[in-house]
Amino acid sequence: MWTFTTDVEEYAAVAEAFLLADPVGNTVPLTVLANIRAGMPADDAYFGWWTSDGEVRGAAFRTPPHPVGLARMPVESIAPLVAALKGEIPEVMGPLELTEALAEALGEPGSVLSERLYRLGTLTIPDTDGRGRLAAVADFPLLVAWFLAFGDEVGLGIGRDPAQQVQHRLAGRQLFLWEADGAPVSLAALSPAAGGVCRIGPVYTPPTRRRRGYGAAVTAFASQVALETRCEQVVLFTDLANPTSNAVYRSIGYEPVSDYAQVSFGSLP
């Protein structure tokens, strides 16, 4: 049985322990929960949990304009979820086996972004010219421009107001830059720790600065900061259609965990 609420603390009281049982696999729902508690706007959000045999065995959420998000849970939770939401799931993100089950229930998707979740094993610091640093308020215009460019490039947008996102993430010390010749050349963001896990993303290097190792360097720098000061494990998602980024992250120590997908069935309201 699925139960839904708009009260994030009611949801947390019931579902957080379930999510924390797999903090790597549930990095997205746990990070969303941490961000809302830290003041991230979540207008019109809703949260749900699936109970089977008297135990919480699944969770889902929606923080518009983002897709419905799925925790790691049994495939048998999907048909009841579709029924509970009356089929109103225009877009979803989650573990591949769950998004495939949704596609079977809802019909042919409009688009599919295939992703892979990686977890950092032994970090390898690349030998790249330049240095990493925490982003500062003076970087604000550049960061907003790069967030917009990233959203345009991946074709998914970035959700709410990018200036608001950057402001929130700057205040949380979540944005890192790689500098070469005294100028920023690459960006990596780091989510707050949730269940002992931090997540890297987005990572963005302007086209004119690519193929010089800056993306690997800034990712390694942010990962090192995370392990030294913020969390026990670091994860990230990659686009499976981009073999270059997958190879880059493997080269600095990231190891594949499991596959995910973001699937669109229509226009988001």
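My aim in this report is to walk through the structure given alongside it, one point at a time. Here, residues in each chain are numbered from 1, in the same order as that chain's written sequence. Residue-level local features of this predicted model are given only where pLDDT is at least 70; pairs of side-chain atoms are given and counted only at 80 or more, and the full residue set underlies all totals for whole chains, interfaces and linings. Heavy atoms from the whole structure form the basis of all side-chain values; hydrogens and water molecules are not counted.

With that settled, the discussion passes to the pairing of strand β2 (residues 46-52). When a residue's accessible area, from a 1.4 Å probe over protein chains only, is under 20% of the maximum for its type it is buried; when over 50% it is exposed; and in between it is partly exposed. Secondary structure is summarised from DSSP: a helix means a run of H or I of at least four residues, a strand means a run of E of at least two, and numbering begins at the N terminus for each. Burial runs high along β2: five of the seven residues are buried. Any two strands with at least two DSSP bridges between them are considered paired. Inspection of the sheet shows strand β1 (residues 2-5) paired to β2 by four bridges, in the antiparallel sense. In the sheet register, Phe 4 faces β2, and the bridge partner there is Gly 48. The pairing of β2 with strand β3 (residues 55-62) spans seven bridges and is classified as antiparallel. When the sheet's bridge partners are listed, Thr 51 is paired in β3 with Val 56. Connecting the antiparallel pair β2 and β3 is a turn made up of two residues, with Asp 53 showing a positive phi of about 55 degrees.

Pairing of aromatic side chains requires ring centres within 6.5 Å, counting the rings of Phe and Tyr and the six-membered ring of Trp. Pairs whose planes differ by under 30 degrees are stacked, by over 60 edge-to-face, and all others tilted. Across all of its chains, the model carries seven aromatic pairs by this definition. A ring pair is formed by Phe 237 and Tyr 260, whose centres lie 5.1 Å apart and whose planes are at 80 degrees; its orientation type is edge-to-face. Taken as a pair, Phe 237 in strand β11 (residues 233-239) and Tyr 260 in strand β12 (residues 254-264) lie far apart in primary sequence, 23 residues in all. Taking relative accessible area as the criterion, Phe 237 reaches 21% and is therefore assigned partly exposed.

A few words on the side chain of Asn 35. Looking at the secondary structure, you find Asn 35 in helix α2 (residues 27-37). What makes two residues a contact is simply this: any of their non-hydrogen atoms within 4.5 Å. Once you skip the residues sitting within four places of it in the chain, Asn 35 turns out to touch Met 40, His 168 and Pro 192.

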